[in-house]
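One letter stands for each residue in the lines below.
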Amino acid sequence: MKYIFLILITVIVLSIFKGDDELLPTATKWLAIIELDAQVESQSFLYLNGIMAGADEDVIQFGRKRLKLINQQQDPDILKTLAMPEEDNSLYCRFSKADCFDYVVDNESAWAAELKQHEELLTRYRKFLSFSDFKSMFDSSLLIDYTVIESLRYANRLTLLESLILSTEHSPSAAIKLLIDDSNNLYQQFPIVDDFVLKLILGNLLANNLDIIAYISDKYNYHASIDFPYLTVEGRSFKKMAIREFGWGVELYRSLDGNPELFHKGGTYLSGLLILSISQI
Amino acid sequence: MTINGSTPATKDMITMSELTAEQFTKMELADEADYEEQEIDFFNPIGSVLNGIARPSYHTQMARLHDLNGKISLVNSLLESKMNLEGKSSQFSNPYYPNSNAYSVEGNKICLSGPFEDPDGIRCVRYSNAK
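Owing to the predicted nature of the structure, the values given are computational and were not obtained by experimental measurement.

About the thresholds
- Residues numbered from 1 in each chain as written.
- Chains lettered and ligands numbered in written order.
- Predicted model: local features only at pLDDT ≥ 70, side-chain atom pairs only at ≥ 80, totals over all residues.
- Heavy atoms only, no water.
- Helix = DSSP H or I, 4+ residues; strand = E, 2+ residues; numbered from the N terminus.
- Buried < 20%, exposed > 50% of the residue type's maximum accessible area, 1.4 Å probe, protein only.
- Contact = heavy atoms within 4.5 Å.
- Areas by Shrake-Rupley, 256 points an atom, 1.4 Å probe, with all protein chains shown as cover.
- Pairing = 2+ DSSP bridges.
- Axes fitted to C-alpha atoms, helices over the stretch in contact; angles between N-to-C directions.
- Salt bridge = Lys/Arg side-chain N within 4 Å of Asp/Glu carboxyl O.
- Buried area = accessible area lost by both parts, 1.4 Å probe.
- Polar contact = N/O pair within 3.5 Å; in protein donor to acceptor, adjacent residues only side chain to side chain.
- Nonpolar A, V, L, I, M, F, W, Y, C, P; charged D, E, K, R; others polar.
- Disulfide = S-S within 2.5 Å.
- Expected span 1.5 Å × (residues − 1).
- Core = buried A, V, L, I, M, F, W, Y, C linked by side-chain atoms within 4.5 Å.

Caption draft 1: Looking closely at the overall build of chain B. A count of helical and extended segments in chain B gives 5 helices and 3 strands. The linear arrangement of helices and strands in chain B, starting from the amino end, is α-α-α-α-α-β-β-β. Within chain B, the fraction of its 131 residues that count as buried is 48%. When contacts within chain B are restricted to residue pairs at least 6 apart in sequence, those whose partners lie at least 24 apart make up 50%. Carbon together with sulfur atoms contributes 48% to the accessible area of chain B, which is approximately 6400 Å² in total.

Caption draft 2: Structural context of the sheet that holds strand β2 (residues 109-112) of chain B. Residue and element names in this part refer to chain B. Overall, antiparallel pairing links the 3 strands, which are arranged β1-β2-β3 in an open sheet. Edge positions in the sheet fall to β1 (103-106) and β3 (124-126), since each of these pairs with one other strand and no more. Adjacent strand axes in the sheet meet at a mean angle of 20 degrees when their direction is disregarded. Contacts between helix α5 (residues 59-79) and the sheet are confined to β2 and β3, with β3 contributing the most and set at about 30 degrees to the helix.

Caption draft 3: Highlighting the pattern of salt bridges. As enumerated under the stated definition, the model contains 14 salt bridges over all chains in all. Residues E57(A) and K65(A) are paired through a salt bridge, measuring 3.6 Å at the closest nitrogen-oxygen approach. Look at K65(A) and you get partly exposed, because its relative accessible area is 43%. When the shortest N-O distance is used, the salt bridge between D211(A) and K71(B) registers 2.5 Å. Of this pair, D211(A) sits in helix α10 (residues 196-219) while K71(B) sits in helix α5, each in a different chain. We note that D211(A), like K71(B), is buried. Bridged by salt links that share partners, the residues R94(A), E150(A) and R153(A) form one connected network.

Caption draft 4: Molecular detail of the interface of chain A and chain B. The partner chain B presents 48 residues to the 57 residues of chain A that form the contact. The contact between chain A and chain B buries some 4700 Å² in all, and 66% of this surface belongs to carbon and sulfur atoms. Applying the counting criterion to the chain A and chain B interface returns 2 salt bridges. Here chain A is connected to chain B by 12 residue pairs in polar contact (both at pLDDT 80 or more). Residue assignment for the side of chain A that touches chain B shows that the elements contributing at least two residues are α1 (2-18), α2 (25-38), α5 (100-106), α10, α11 (233-236) and α12 (239-256) of chain A. Classifying every residue of the side of chain A that touches chain B by side-chain character gives 35 nonpolar, 11 polar and 11 charged.

Caption draft 5: The pairing of β1(B), seen in detail. The pairing of β1(B) with β2(B) spans 4 bridges and is classified as antiparallel. Across the sheet, the residue bridging to Y103(B) is L112(B), located in β2(B).

Caption draft 6: Structural view of the state of the cysteines. Residue and element names in this part refer to chain A. Summed over all chains, the structure comprises 2 disulfides over all chains. Put simply, C93 and C100 are joined by a disulfide, and their sulfur atoms are 1.9 Å apart. Taking the sign of the torsion about the S-S bond as the criterion, the disulfide between C93 and C100, at about 85 degrees, is right-handed. With a relative accessible area of 18%, C93 lands in the buried category.

Caption draft 7: Up close: helix α9 (residues 172-189) of chain A. Taking 1.5 Å as the rise per residue, α9(A) with 18 residues should run 26 Å; its terminal C-alpha atoms sit 26 Å apart, in good agreement. If you follow the buried residues of α9(A), they end up packed against α7 (119-130), α8 (146-169) and α10 of chain A together with α5 of chain B.

Caption draft 8: Highlighting the environment of N71(A). Residue and element names in this part refer to chain A. In this structure, N71 sits in helix α4 (residues 59-71). Relative accessible area serves as the criterion here: at 53%, N71 is assigned to the exposed category. Along the sequence, N71 and L23 sit 48 residues apart, while their C-alpha atoms lie 29 Å from each other.

Caption draft 9: Quick look at the nonpolar core. Residue and element names in this part refer to chain A. Counting 104 residues, the largest nonpolar core has L164, L198 and I212 as the members making the most contacts within it. For this core, the element with the highest residue contribution is α10, accounting for 14 residues. Sequence-distant contacts of L198, that is, excluding residues within four places in its chain, are made with L48, F134, I144, I149, L152 and V193.

Caption draft 10: Highlighting α4(A). Residues and elements named next belong to chain A. Taking 1.5 Å per residue, 13 residues should reach 18 Å; α4 reaches 18 Å between its end C-alpha atoms and fits that length. Within α4, the full set of buried residues consists of V59, I60, F62, G63, R66, L67, L69 and I70. Buried residues in α4 make contact with α3 (43-49), α7 and α8. Put simply, D58 is the residue that caps the front of α4, since its side-chain oxygen is 2.9 Å from the backbone nitrogen of I60. In the stretch just after α4, Q73 is the one whose phi turns positive, near 55 degrees.

What follows is the structure, given as structure tokens:
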């Protein structure tokens, strides 16, 4: 009799613990957005993911191939075929580093050759910025591919070099117009992107453009009433990224449910099961 | 429910990112501030632990976008030739402190003041007359 009583008590206690609340309306809404997004294939994402495809390859198809490898936890760089700028080439240094800015603007003799060598990357960068459907096809910003991010940074530097060439060979107005156009294209991406890393990188690229615009304006005493727009609330908002990370967290929690082995490190399988039995995912 | 428990932090992040620069500054967050740990829910102890794992608030990353608006202000002024560092007639505005002349001259750069460090010089532009 006392065993039956003990079992009954255990069942009641576990039922109390396991009884769960309804999903909050906000969480339900976000999960619906995530589910809807998951059904859409982003051309912009695939194009960016394939930006380093060989010159004669279809960039989007290449992006798909890389995505597949990443999802299979394989190194996607085995496919990299476009000749990318050398990592240690100081023309691609970060402006935040000491002497970098001066090195780039003073190294006039190297600009044209670099631009010629990597003109395909620049063309693709511009094509990428012309898309307006960016949506990450990875679950989390943590999974972003840094090779791709570096490609964007290199390509933006090529735009800066092209502008510097225009400023010396043609006119500061043409040089600034080129950078304003590029900045407008970057600007359009801010409200769209749903990735923390990518948004911050776009911010850096826009800042680089503005630095060179200021440099050219100052150097040539060139002035114009351009009034570049400020980032709007939608442009600054982390909403898309936050919802995406929320969805990733939910997936993570759900993956724990039904997998007590994840909890039994240092204990027994039974202890893992017990932990899960009193958790409400 | 653990999923419900992680909703407030996400909401807070969205709200914070949509504040104006001026409102953002008034939050007075420390450079390394993370979301505070939640209280333990007796009926969902595991969920409390999972949701209590420190997560970044991303406020320094949000600040970079306000910083960028500061740079846009500086560049617009420079392009329009409104940069005047003598007296207090500068035409650029600092999005963080719109009612004050909050900038400094650092070498050949003009830098707007801001609530967080700016190691990448996002709030600065080069200006030869700054010297």
